[in-house]
Amino acid sequence: MTLASFPRSLIRCLALGAAAGLALAACASTQPAADGDVALTASRWELTGWTGHTVPHGDNGEPVILNFSQEKGKGRVSGRAGCNQFSAPYSVRGPGQLTIVEAVTTRMACPEPAMQFEADLLDKLQAVNQYKIAGQQMEMKTLDGQTLSFHAREKPGAAAKIKFVYVASQKVPCSAGVMRTTCLQIRERKEDPWQLWYGNIQGFNFEPGIAYRLRILEEQVANPPADASSIKWTLDMVVEQEVVKK
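Note that this is a predicted model, so its numbers are computed, not measured.

Reading the values: rules and limits
Residues numbered from 1 in each chain as written. Predicted model: local features only at pLDDT ≥ 70, side-chain atom pairs only at ≥ 80, totals over all residues. Heavy atoms only, no water. Helix = DSSP H or I, 4+ residues; strand = E, 2+ residues; numbered from the N terminus. Buried < 20%, exposed > 50% of the residue type's maximum accessible area, 1.4 Å probe, protein only. Contact = heavy atoms within 4.5 Å. Areas by Shrake-Rupley, 256 points an atom, 1.4 Å probe, with all protein chains shown as cover. Salt bridge = Lys/Arg side-chain N within 4 Å of Asp/Glu carboxyl O. Core = buried A, V, L, I, M, F, W, Y, C linked by side-chain atoms within 4.5 Å. Expected span 1.5 Å × (residues − 1). Arc of directions from axis to C-beta. Phe/Tyr/Trp six-rings, centres within 6.5 Å; stacked < 30°, edge-to-face > 60°. Disulfide = S-S within 2.5 Å.

> What is the right way to read the overall build of the protein chain from this model?
Each helix and strand in the protein chain was counted, giving four helices and 16 strands. Looking at the protein chain as a whole, 39% of its 246 residues qualify as buried. For the protein chain, long-range pairs separated by at least 24 residues make up 51% of all intrachain contacts whose partners lie at least 6 apart in sequence. Of the roughly 14,800 Å² that the protein chain leaves accessible, carbon and sulfur atoms contribute 54%.

> Which parts of the structure should I look at to understand the pattern of salt bridges?
With the rule as written, the count across this model stands at six salt bridges. Residues Arg 153 and Glu 46 are paired through a salt bridge, measuring 3.3 Å at the closest nitrogen-oxygen approach. Highlighted residues: Arg 153 in strand 9 (residues 147–153) and Glu 46 in strand 1 (residues 44–50), separated in sequence by 107 residues. On the basis of relative accessibility, which here comes to 10%, the residue Glu 46 falls in the buried class. Here the residues in one salt-bridge network are Arg 189, Glu 191 and Asp 192, joined through shared partners.

> What is the right way to look at the nonpolar core in this model?
Generally speaking, nonpolar side chains in soluble globular proteins are found buried as a group. Ranked by internal contacts, the top residues of the largest apolar core, which has 26 residues, are Leu 66, Phe 68, Leu 98, Leu 121, Leu 125 and Met 140. Counting only elements with at least two residues in this core, the list comes to strand 1, strand 2 (65–71), strand 4 (85–94), strand 5 (97–100), helix 4 (114–125), strand 7 (128–134), strand 8 (137–142) and strand 9. In terms of residue count, helix 4 provides more of this core than any other element does, four residues in total. When neighbours within four sequence positions are excluded, Leu 66 is seen to be in contact with Arg 44, Trp 45, Val 77, Ser 78, Phe 86, Leu 125, Met 140 and Phe 150.

> Quick question: what am I supposed to make of helix 4 here?
The α-helix advances 3.6 residues per turn, and as a result positions three or four apart in sequence lie on the same side. An ideal rise of 1.5 Å per residue puts 16 Å on 12 residues; helix 4 measures up with 16 Å between its terminal C-alpha atoms. Taken as a whole, helix 4 has its buried residues at Phe 117, Glu 118, Leu 121, Leu 122, Lys 124 and Leu 125. Buried residues along helix 4 cover an arc of 160° about the axis, so they all sit on one side.

> What's the story with unusual backbone geometry in this structure? I'm lost.
Most peptide bonds take the trans form, and the phi angle of most residues other than glycine is negative. For the bond from Glu 112 to Pro 113, the omega torsion is 10°, close enough to zero to count as cis. In this model, Lys 72 sits at a positive phi of 55°, which is unusual for a non-glycine residue. Assignment of secondary structure puts Lys 72 in the loop between strand 2 and strand 3 (74–80). Relative accessible area serves as the criterion here: at 88%, Lys 72 is assigned to the exposed category.

> Looking at this structure, I do not really get the packing of aromatic side chains. What am I missing?
The geometry of an aromatic ring pair is captured by two quantities: the separation of the ring centres and the angle between the planes. Applying the stated criterion across every chain, the model contains six aromatic pairs. On the numbers, 5.5 Å between centres and 75° between planes, the contact of Trp 50 with Phe 117 is edge-to-face. Highlighted residues: Trp 50 in strand 1 and Phe 117 in helix 4, separated in sequence by 67 residues. Comparing Trp 50 with Phe 117, the two get one shared label, buried. Site record: aromatic cluster; members linked through ring pairs are Phe 204, Phe 206 and Tyr 212.

> Sorry if this is basic, but what is going on with the state of the cysteines here?
When the sulfur atoms of two cysteines share a covalent bond, that bond is a disulfide. Taken as a whole and judged by the stated rule, the model has two disulfides. The disulfide partner of Cys 83 is Cys 110, and the S-S distance across this bridge is 1.9 Å. Its S-S torsion of approximately 85° makes the covalent link between Cys 83 and Cys 110 right-handed. You can see Cys 83 sitting in the loop between strand 3 and strand 4 and its partner Cys 110 sitting in the loop between strand 6 (104–105) and helix 4, a full 27 residues away along the chain. Here Cys 83 falls in the buried class, since its relative accessible area comes to 4%. Judged by relative accessible area, Cys 110 falls into the buried class, the value being 17%.

Bear in mind that shape data such as this cannot, by itself, settle questions of function.
Okay, structure coming up:
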């Protein structure tokens, strides 16, 4: 890394510190917070383009969505990487400068090319060093010159409540008004009986034969349409998933 790659304010601080015999730690504490951090956490980000890769979307797979958040002053990015859910620490080092640390993931096996795409994506996220947000679009640049493009998606409000629910491995027949359909079976504790969930869980891709434990965000819907739920659930994280043998 060359001296020119450091922010000017840090170069100036290093020079003053060297002259006065001050510690680098004192110098680093004077760095301002990155202005772009608020914009980064204000939306969820759907991957729409990546140099040399076919991005999962629609007919070729579930979308890849990143959710940046601050928890007790520490940055964390989570989401779906093409097959599994993942979570990783991140930090904004300065305006437009982003570092994502090695992720932890759930361990669901998926058919190719989803598994290889996921492995490549998680590896490439660790190489991200710059980002730029312009309106509803974001670009991440990696150390080897690749570009990952994202589009902003709605993010649950700050008033959303966190809930943990179990989801059974099979849907069951149910009635939604006059329409016959199938519903998820959910419960909050293992000892509770299964209850029908008539609505959707946004961002959750249910696969028959797999039992889940989910962390969801619950929001109240103002003036819901007739016969629609007044509660909205959005997937925050897949905590556990297990293949259930018949």
